[in-house]
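Geometric and topological summary
Next come the chains, spelled out residue by residue.
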Amino acid sequence: MTKHYITFRDLSVDEYDHIFARAKKLKAERLRGQHLRPHLGGRSVALVFAKPSTRTRVSFDCAISELGGNCVLINLADSQISRGEPPSHTARVLSRYVSGLVYRTYQESELRELAASATIPVVNALTNQQHPCQVLADLFTFVENLDGRPLEKQLVAWVGDGHNMANTWIEAAAVFGFGLNLACPEGHDPDPAILKRAQADNPRVRLVRSPAEAVAGAGAVNTDVFASMDQTHERDKRMLDFRGYQVDSALMARAAPGAIFMHCLPAHPGEEVTDEVLESPASVIFDEAENRLHAQKALLEYLIPPL
Ligand code: CP
Ligand code: NVA
């Protein structure tokens with residue numbers, strides 16, 4: 001059966017453990033200059049974008065070539081998808097050319113529609129609801145920093161918008177069982193269904209209003225922009241709504257000793273986080289970005305079986 005990766009819950013702890021172990025090995029090999037693997041054997045993977053991207057686009061493109069494949073980059077606006085071709089037709093057509101479909105769009109329902117007709121794995125490259133490939137790399141980064149300490153015993157803080165990144169961290173906490181404190185301003189809470197389901201699985205997922213309360217004792221502090229790509233029209237209102245939700249050095253000082261600062265990037269220095277925190281020794285933002293490549297190579301290897 002074709003395996004898709006649309007939400008973080010689509011993989012189990014065992015599958016994540018396998019992917020993290022592979023990503024670790026691929027990262028070490030790449031650092032030794034061993035970039036190329038024959039896994040894809042010349043097969044192609046399509047990358048489709050309905051929103052801008054730097055990290056996702058480049059890391060997947062490099063991952064596909066380093067796995068011995070070919071990347072077909074499609075800007076959604078230039079394709080027939082934007083002119084109303086049914087997703088079920090697009091999925092069936094692309095399934096005849098390529099071996100995987102990595103897709104960034106607005107609504108998760110579009111990905112589900114594609115996946116229902118595709119005979120190749122469909123990977124979520126960000127929707128308004130989720131960003132699982134980012135949290136995959138973020139957790140890999142967090143685990144690297146834990147130096148063998150168990151992930152499920154950790155406490156993670158989320159400060160800011162309860163949007164796609166927060167929703168995916170919630171699912172990750174449900175899958176792995178670590179504690180997650182989310183501080184979101186009123187009116188910007190995470191998806192209630194995702195939160196409710198996660199809290200049923202993991203009572204250590206908590207929604208609070210106070211950033212100081214959320215970060216107390218946390219081993220990782222996470223944030224994201226106040227206005228995401230699908231929310232730019234609300235930007236002015238959001239800058240007001242999110243007053244008091246900036247991650248600064250004083251807030252980081254309330255976290256556990258040695259806590260790391262995480263951000264999926266792109267960041268808006270001086271808005272959701274200060275430059276001082278972004279550039280501090282606690283910041284692992286560029287490791288997260290690098291780890292997109294290693295984690296996605298391991299993910300593609302897992303989802304697209306060898307020939
Ligand atoms: N973090 C992330 O997905 O970045 P891009 O929007 O640049 O792909
Ligand atoms: N929440 C951000 C993440 C960007 C990678 C957005 O959707 O724009």
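The structure reproduced in this document is the subject of the present report. No experiment lies behind these values; they were computed from the predicted model shown. (Residues numbered from 1 in each chain as written. Chains lettered and ligands numbered in written order. Predicted model: local features only at pLDDT ≥ 70, side-chain atom pairs only at ≥ 80, totals over all residues. Heavy atoms only, no water.)

1. A few points about the site of ligand 1
- Near ligand 1, the surroundings consist of Ser53, Thr54, Arg55, Thr56, Arg104, His131, Gln134, Cys264, Leu265 and Arg292.
- Taking serine 53, its side chain carries an N or O atom lying 2.6 Å from an oxygen atom of ligand 1.
- At 2.8 Å, a side-chain N or O of histidine 131 approaches an oxygen atom of ligand 1.
- Relative to its unbound accessible area of 260 Å², ligand 1 is 96% covered by the protein chains.
- Here ligand 1 is seated within the largest pocket.
- Grouping the amino acids of the shell around ligand 1 by side-chain chemistry returns 2 nonpolar, 5 polar and 3 charged. (Near = heavy atom within 4 Å. Polar contact = N/O pair within 3.5 Å; in protein donor to acceptor, adjacent residues only side chain to side chain. Areas by Shrake-Rupley, 256 points an atom, 1.4 Å probe, with all protein chains shown as cover. 1 Å grid on protein atoms, 1.4 Å probe; cavity = no way out; pocket = protein on both sides within 12 Å on 5 of 7 lines; lining within 4 Å. Sits in = over half its atoms within 2 Å of the grid points. Nonpolar A, V, L, I, M, F, W, Y, C, P; charged D, E, K, R; others polar.)

2. Quick word on helix α2 (residues 55–66)
- Given a rise of 1.5 Å per residue, 12 residues ought to cover 16 Å, and the 16 Å separating the end C-alpha atoms of α2 matches this to within 8%.
- Within the span of α2, buried status applies to Thr56, Ser59, Phe60, Ala63, Ile64 and Glu66. Buried residues along α2 cover an arc of 165° about the axis, so they all sit on one side. (Helix = DSSP H or I, 4+ residues; strand = E, 2+ residues; numbered from the N terminus. Expected span 1.5 Å × (residues − 1). Buried < 20%, exposed > 50% of the residue type's maximum accessible area, 1.4 Å probe, protein only. Arc of directions from axis to C-beta.)

3. Section: the pattern of salt bridges
- A complete count under the given rule lists 17 salt bridges for this structure.
- For glutamate 29, the salt bridge identified is with lysine 25, shortest N-O distance 2.9 Å. Of this pair, glutamate 29 and lysine 25 both sit in helix α1 (residues 13–31), separated by 4 residues, roughly a single helical turn.
- Overall, the relative accessible area of 10% leaves glutamate 29 in the buried class.
- Linking arginine 235 and glutamate 271 is a salt bridge whose minimum nitrogen-to-oxygen distance equals 2.6 Å. Placement of arginine 235 in helix α9 (residues 235–241) and of glutamate 271 in the loop between β9 (260–263) and α11 (275–278) is noted, with a sequence separation of 36 residues between them.
- A single network of salt bridges, built from pairs that share partners, joins Arg22, Lys25, Glu29, Arg37 and Glu301. (Salt bridge = Lys/Arg side-chain N within 4 Å of Asp/Glu carboxyl O.)

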